[in-house]
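Understanding the architecture of this molecule
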Amino acid sequence: MNIIFGRKNLESLADKHTFLEVDTIHVNGEDIECFCIIDIEAISFTDFQNLEETKKLHQQMLGSFRAGDFKLARDLIDHLKSRLQGHMNSFYENLLSRM
């Protein structure tokens, strides 16, 4: 999994990649969002068609995890693991191990 730090760094890659937030870190008094980079050419046509829905489900899962609603987070991970050619599965497995 490739990670990029900071939302401002996403713009130059946006034409061939999509991004999913994975964490927020605190550095020198500033919160910096961290994103996984996914090459859109590396995902199936079906995954590409469902990309916006997948991104919404991922954000909902991350919000549920952060809020401590682990039941909902687990349920959403079950749906997400079959998407994006499995590019995010190691991240999801890591989250599951922390619940």
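Residues numbered from 1 in each chain as written. Predicted model: local features only at pLDDT ≥ 70, side-chain atom pairs only at ≥ 80, totals over all residues. Heavy atoms only, no water.

Thoughts on the state of the cysteines
Per the counting criterion, the structure on display carries zero disulfides. Here cysteine 34 is not cross-linked by a disulfide; its sulfur's nearest cysteine counterpart is in cysteine 36, at 11 Å. Taking the relative accessible area as the measure of exposure, cysteine 34 reaches 4% and is therefore buried. (Disulfide = S-S within 2.5 Å. Buried < 20%, exposed > 50% of the residue type's maximum accessible area, 1.4 Å probe, protein only.)

So, the pattern of salt bridges
Applying the stated criterion across every chain, the model contains five salt bridges. Ionic pairing is found between arginine 66 and glutamate 21, a salt bridge with its closest N-O pair at 3.1 Å. Placement of the pair is arginine 66 in helix α2 (residues 51-67) and glutamate 21 in strand β2 (residues 17-27), with a sequence separation of 45 residues. In this structure glutamate 21 comes out as buried when scored by relative accessible area, which is 8%. Note that arginine 83 is salt-bridged to glutamate 53, the shortest N-O span being 3.6 Å. Of this pair, arginine 83 sits in the loop between α3 (70-80) and α4 (89-97) while glutamate 53 sits in helix α2; the two residues are 30 residues apart in sequence, bridging distant segments of the chain. Arginine 83 gets classed as buried once you look at its relative accessible area, which sits at 17%. (Salt bridge = Lys/Arg side-chain N within 4 Å of Asp/Glu carboxyl O. Helix = DSSP H or I, 4+ residues; strand = E, 2+ residues; numbered from the N terminus.)

Read these as layout, nothing more, since geometry by itself doesn't imply function.
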